[in-house]
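What the coordinates show
Residues per chain, in single letters:
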Amino acid sequence: MSGQERRIGAVSVLFAALVWVAMVLTAPQAVALKAPAEYAQQAVTSTNLQRSDNGLRTLADDKCLARAAVRQAKAMAAREEMFHQDIYAVLRKCRLREAGENVAYGFDTGASVVADGWMNSPEHRANILRSSYNRVGIGAVQAADGTWYAAQVFGRR
């Protein structure tokens, strides 16, 4: 094998290694783009299971409430702090008669935020099991440090 063939072979191996590294480094980002939606769907499913187990009708996904929940989760993650939003603004914007909100941080899945977080808090549990609510929107966002922040907004038209 000539020197030029060895250099071409070495460049080919280096190029293949760089492509592999690029794929590995970008793969978590592609997965992370789906993670908030999966987290939210798990939380909706878990919430509706809790309601069913307690003889209540399931909540319908509501796009307006989901937008409010995502905005709240993003705001909390950006500040790395848990707080409630102006629920009266959500009430008006989404044209609701009644609204409520649960917020949390530090739970790694949508199922755990419901089962291990909100259902173990009397106030949050009361929101989940409030029979007059018929809609829900959930937002989840990871902060820069990897901590999940979640918001669950309920409503009734």
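Residues numbered from 1 in each chain as written. Predicted model: local features only at pLDDT ≥ 70, side-chain atom pairs only at ≥ 80, totals over all residues. Heavy atoms only, no water.

Time to look at the state of the cysteines. Counted under the stated rule, the structure contains one disulfide. Each sulfur of the disulfide joining Cys64 and Cys94 lies 2.0 Å from the other. On the S-S bond that ties Cys64 to Cys94, the torsion sits near -85°, and the link is left-handed. Here the residue Cys64 occupies a position in helix H2 (residues 63-79), and Cys94 occupies one in the loop between helix H3 (87-93) and strand S2 (98-105), the gap between them amounting to 30 residues. In this structure Cys94 comes out as buried when scored by relative accessible area, which is 3%. (Disulfide = S-S within 2.5 Å. Helix = DSSP H or I, 4+ residues; strand = E, 2+ residues; numbered from the N terminus. Buried < 20%, exposed > 50% of the residue type's maximum accessible area, 1.4 Å probe, protein only.)

This part is about the sheet that holds strand S3 (residues 135-142). Strand order in the open sheet formed by four strands is S1-S3-S4-S2, and the pairing between neighbours is mixed. At either end of the open sheet lies a strand with only one pairing partner, and these are strand S1 (60-61) and S2. For S1 and S3, the ladder comprises two bridges, and the chain directions are parallel. Bridging from a neighbouring strand, Ala60 pairs with Arg135 of S3. In the packing of H2 onto the sheet, the strands contacted are S1, S2, S3 and strand S4 (148-156), and the crossing angle to S3 comes to about 25°. (Pairing = 2+ DSSP bridges. Contact = heavy atoms within 4.5 Å. Axes fitted to C-alpha atoms, helices over the stretch in contact; angles between N-to-C directions.)

All we've got here are geometric facts, nothing functional implied.
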